[in-house]
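This is what each chain is made of:
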Amino acid sequence: MASSAPRPDGGATLGQAVDALRGARQAWRERQQPARSAAVFPSRGAVERIVELLAEALYPRRLGLQRVTAADEDRFVAAKLAAAFTELEREIDHELGYWQAEARAAFDPEQAATIVRLFAGTLGDIRRLVDSDVEAAFLGDPAAGSTDEILVCYPGAIASLHHRIAHQLHGLGAPIVARMISELANERTGIDIHPGATIGERFFIDHGTGVVIGETAIVGSGVRLYQHVTLGARSPLGAAQRSPRTRYARHPIIGDDVVIYAGATILGPVTIGDGATIGGNVWLLGDVPPGGVVVQPEADLLAPSAAHALRDTLVAAVV
């Protein structure tokens, strides 16, 4: 048996490490209200497989088996969907088991299957929305060689496909599975879109890294965002008055055909009107009318004498 005496170097034996972790687990579980079973929780690995299967079914010749023929396409899609739906039902059932501890009544035994059937009914709309996003990217980016390049390579398109799937599952009652899907996109692209966010068609995120869109954000049609844009809340709930507006409408509402340039931060339940333009690095806490343009002051070009003085100051600071 491993010794329970502390090591003189401050380390621990295997048994002591196991004991310490048991104590930490017990303390954590005692603080959780309501207590939930650790045996039921969706699997990240399974959710990742589900997204891959759904992507192949949505785009069989680009994200699936590229040599699939037109005659075999429907059979290929059916096989991918059957596998995806089987795994998705199991993971949603795990999620419902997790939530059962705080539910007022037992979930229907067929609840997970019902959610999957309802989700299946949205797949045509998901494909059409992702198509519109890809087309918007192609029109908006002269560097794009083809729509296929955008679908396969562009982080904005990858994030859009994940979000369109996650948003439907979030609305149907599987928020943990949906959040796992959004975080898979975040890991791949650096784009963090909460699955609860409502986003219209023809959505284009150019470059993409660092974009954050909060849960209650509403984004219209034909909106273009650049890298490091934040559509966020002004403060965490614990520091804000808990009115219905601050609880359920914490994030911006973006109208149709709005362009938001790199580094802009828009916080709170503000409204950006149709056709508005928000310049780079803007910090915005108020509404913008339709067609409005919001920019930071342009950078100054220093006179030669001032430029030399600034360079000398910077060199001195480094030395």
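1. Section: unusual backbone geometry
Here is step 1 of the chain: Phi angles above zero are rare outside glycine, and H228 is one such case at about 65°.
Here is step 2 of the chain: Secondary-structure assignment places H228 in the loop between β6 (224-225) and β7 (230-232).
Here is step 3 of the chain: Positive phi is not limited to glycine here, since D257 has a value of about 55°.
Here is step 4 of the chain: Along the chain, D257 falls in the loop between β8 (253-254) and β9 (259-260).

2. What to know about helix α8 (residues 175-189)
Here is step 1 of the chain: The end-to-end C-alpha separation of α8 is 21 Å, in line with the 21 Å expected for 15 residues at 1.5 Å each.
Here is step 2 of the chain: Those residues of α8 that sit buried are I176, V177, A178, M180, I181, S182, L184, A185 and T189.
Here is step 3 of the chain: Trailing α8 by a residue or two, G190 shows a phi angle of about 75°, which is positive.

3. With respect to the packing of helix α5 (residues 123-140) against helix α7 (residues 155-172)
Here is step 1 of the chain: The contact between α5 and α7 brings their axes to 10 Å, and the two run at 155°. One way to sum up the angle between α5 and α7 is to call them roughly antiparallel. Where α5 crosses over α7, the two elements pack in a sense that is right-handed. Here I126, L129, V130, D133 and V134 of α5 come into contact with α7, specifically with A157, S160, L161, R164, I165 and Q168.
Here is step 2 of the chain: Of the residues assigned to the contact of α5 with α7, the class counts are seven nonpolar, two polar and two charged.

4. Concerning the side chain of T189
Here is step 1 of the chain: The topology assignment puts T189 in helix α8.
Here is step 2 of the chain: Since its relative accessible area comes to 7%, T189 is described here as buried.
Here is step 3 of the chain: For T189, the side chain forms a polar contact with the main-chain oxygen of A185, separated by 2.7 Å.
Here is step 4 of the chain: Setting aside anything within four residues of it in sequence, one finds T189 in contact with P155, I158, A159 and T209.

5. Things to note about the packing of aromatic side chains
Here is step 1 of the chain: Within the structure shown, the criterion is met by three aromatic pairs.
Here is step 2 of the chain: When the centroid spacing of 5.0 Å and the interplanar angle of 85° are considered together, the rings of F41 and Y98 count as edge-to-face. Of the two residues, F41 sits in the loop between α1 (14-31) and α2 (44-58) while Y98 sits in helix α3 (residues 73-99), which places them 57 residues apart along the sequence.
Here is step 3 of the chain: Using a relative accessible area of 42% as the deciding quantity, one classes F41 as partly exposed.
Here is step 4 of the chain: Under the relative-accessibility criterion, Y98 is labelled buried at 19%.
Here is step 5 of the chain: Between Y98 and W99 the ring centres are 5.2 Å apart and the planes differ by 70°, which places this aromatic pair in the edge-to-face class.
Here is step 6 of the chain: Residue class for W99 comes out partly exposed when judged on its relative accessible area of 25%.
Here is step 7 of the chain: These aromatic residues form a ring-pair network of at least three members: F41, Y98 and W99.

What counts, and where the lines are drawn
- Residues numbered from 1 in each chain as written.
- Predicted model: local features only at pLDDT ≥ 70, side-chain atom pairs only at ≥ 80, totals over all residues.
- Heavy atoms only, no water.
- Helix = DSSP H or I, 4+ residues; strand = E, 2+ residues; numbered from the N terminus.
- Expected span 1.5 Å × (residues − 1).
- Buried < 20%, exposed > 50% of the residue type's maximum accessible area, 1.4 Å probe, protein only.
- Axes fitted to C-alpha atoms, helices over the stretch in contact; angles between N-to-C directions.
- Parallel < 35°, antiparallel > 145°, perpendicular 65-115°, else oblique.
- Left-handed = near helix turned anticlockwise from the far one by under 90°.
- Contact = heavy atoms within 4.5 Å.
- Nonpolar A, V, L, I, M, F, W, Y, C, P; charged D, E, K, R; others polar.
- Polar contact = N/O pair within 3.5 Å; in protein donor to acceptor, adjacent residues only side chain to side chain.
- Phe/Tyr/Trp six-rings, centres within 6.5 Å; stacked < 30°, edge-to-face > 60°.

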